Amino acid sequence: MAAIPFLKRGRSTTPGGLTTVLIFLPPALMLFTVFVILPIGEAAWYGFFNWNGLGAPDRFVGLENYGQIFENKVFRHALQNNILIIVVSLAVQLPLALAMAVLLADRFRGAVAFRMLFFLPFILADIAAGLIWRYMFDGNYGMLTLISESLGYGPVHILADRDLAFSAVLTVIVWKYFGFHMMLYIAGLQNIDPHLYEAAAIDGASPWQRFWYVTVPQLSPMIRLSIFFSLLGSLQFFDMIVALTGGGPLNSTHTIVSYLYYFGIGRMRVGFGSAVGVVLFIISVVVAFGYKRLFMRDD
């Protein structure tokens, strides 16, 4: 007991912990307030004005901006696009990432190289990735057009086709982000106790049964986290739209954020854009907290 004499004297580490809180909490709160709370409050306030961003807002319109949002067909289509991104992410991107993670989780010759190959697209900036694929899809000199013409067909103008343009966007999204989720799953797979697989094999479980009854339950916390990232990322998708399609053709590939940018900031309707931002914020908060409450309560 001589090694811990402070226990005898009834000393407490609480004052030290309080000092740490007093030193580090105020700067963090100040930064959070300045860069998060105040902008959200200002956006909510500006959303009640017909304001072009110049001078002080003085044309109070109440809820008119919010009424215009939901009456606008382009916004409703942008919301549908965000929902479609979520569906494709959950139905295609995450299963593909999980399949590749299962294949590459084991340590074999070339495993690291394959992981890096699939993870590299995620490292690219969204703008760079969008410009690269815009060139690939270009109807005049893109790779798809070159392949089509070499086979005796005409040029392929995917990004100019309203029915196909968003399919191209979804393809790029899957290519760009599945490597990130794959690495999450690989990290989770490498933390699973191998004795569980040995016990299942001894009991006669097939590879599919070992995957379904051992891998999936053990990996479920990482799967839930991956879905959480996909939901929020899909709602906030923006940069690649600007570089790849600019929201076209005929406003068919807008997401909520690109709609905010082009129809709010780009047209000097800052009050309207602020109202769109508030709507997006509410949707994101409801989705985030609702998902965490329903599926990540114990994580």
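It should be noted that the structure appears before, not after, this text.
Quick caveat, the model's predicted, so the values are computed rather than measured. (Residues numbered from 1 in each chain as written. Predicted model: local features only at pLDDT ≥ 70, side-chain atom pairs only at ≥ 80, totals over all residues. Heavy atoms only, no water.)

## Let's talk about unusual backbone geometry
At step 1: For the bond from Gly248 to Pro249, the omega torsion is -5 degrees, close enough to zero to count as cis.
At step 2: Mapped onto the elements of the fold, Pro249 is located in the loop between α10 (239-244) and α11 (256-265).
At step 3: Phi at Leu250 takes a positive value of approximately 55 degrees, unusual for a residue other than glycine.
At step 4: Summarising the element assignment, Leu250 is placed in the loop between α10 and α11.
At step 5: Assessed through its relative accessible area of 66%, Leu250 is described here as exposed.
At step 6: With a phi close to 60 degrees, Met268 is a non-glycine residue in the positive phi region.
At step 7: On the secondary structure map, Met268 appears in the loop between α11 and α12 (270-295). (Helix = DSSP H or I, 4+ residues; strand = E, 2+ residues; numbered from the N terminus. Buried < 20%, exposed > 50% of the residue type's maximum accessible area, 1.4 Å probe, protein only.)

## What to know about the side chain of Gln93
At step 1: In this fold, Gln93 is placed in helix α3 (residues 73-104).
At step 2: Once residues within four sequence positions are removed from consideration, Gln93 is found in contact with Val88, Ile173, Val174, Tyr177, Phe178, His181 and Ser230. (Contact = heavy atoms within 4.5 Å.)

## With respect to the nonpolar core
At step 1: Core analysis: the biggest nonpolar cluster contains 24 residues, and Tyr66, Ile69, Phe75, Phe228, Tyr259, Phe272 and Val276 have the highest contact counts within it.
At step 2: Put simply, the parts of the chain that give this core at least two residues each are α2 (64-71), α3, α9 (207-235), α11 and α12.
At step 3: The leading source of residues in this core is α12, at 8 residues.
At step 4: The contact partners of Tyr259, leaving out residues within four places of it in the chain, are Asn72, Val74, Phe75, Ala78, His254, Gly264, Phe272 and Val276.
At step 5: Listed in part, the 19 residues of the second largest apolar core include Ile158, Leu159, Ile173 and Met240. (Core = buried A, V, L, I, M, F, W, Y, C linked by side-chain atoms within 4.5 Å.)

## Considerations on the pattern of salt bridges
At step 1: For the structure on display, the rule yields 1 salt bridge.
At step 2: Between Asp126 and Lys176 there is a salt bridge; the shortest N-O distance is 3.2 Å. Placement of Asp126 in helix α5 (residues 126-137) and of Lys176 in helix α7 (residues 165-189) is noted, with a sequence separation of 50 residues between them.
At step 3: Accessibility expressed as a relative area gives 18% for Asp126, which makes it buried. (Salt bridge = Lys/Arg side-chain N within 4 Å of Asp/Glu carboxyl O.)

## Concerning the packing of aromatic side chains
At step 1: Per the stated rule, a full pass over the model turns up 24 aromatic pairs.
At step 2: Taken together, Phe119, Phe122, Tyr177, Phe180, Phe228, Phe229, Tyr291 and Phe295 form an aromatic cluster joined through their ring pairs.
At step 3: Of note, Arg269 hangs over the ring of Phe272, and the distance from its end group to the ring centre comes to 4.3 Å.
At step 4: Taking the ring centre of Phe228 as reference, the NZ or CZ of Lys292 above it sits at 5.6 Å. (Phe/Tyr/Trp six-rings, centres within 6.5 Å; stacked < 30°, edge-to-face > 60°. Lys NZ or Arg CZ within 6 Å of the ring centre and 35° of its normal.)

## Side note on the side chain of Arg115
At step 1: Examined against the element boundaries, Arg115 turns out to sit in helix α4 (residues 111-123).
At step 2: One buried charged residue, Arg115, forms no salt bridge at all, with the nearest opposite charge on Asp106 at 7.3 Å.
At step 3: Side-chain polar atoms of Arg115 contact the backbone oxygen of Ala105, separated by 3.2 Å.
At step 4: Beyond its immediate sequence surroundings of up to four residues, Arg115 is in contact with Leu104, Ala105, Asp106, Met182, Met183, Ile186 and Gln190. (Lys, Arg positive; Asp, Glu negative; His and termini not counted. Polar contact = N/O pair within 3.5 Å; in protein donor to acceptor, adjacent residues only side chain to side chain.)

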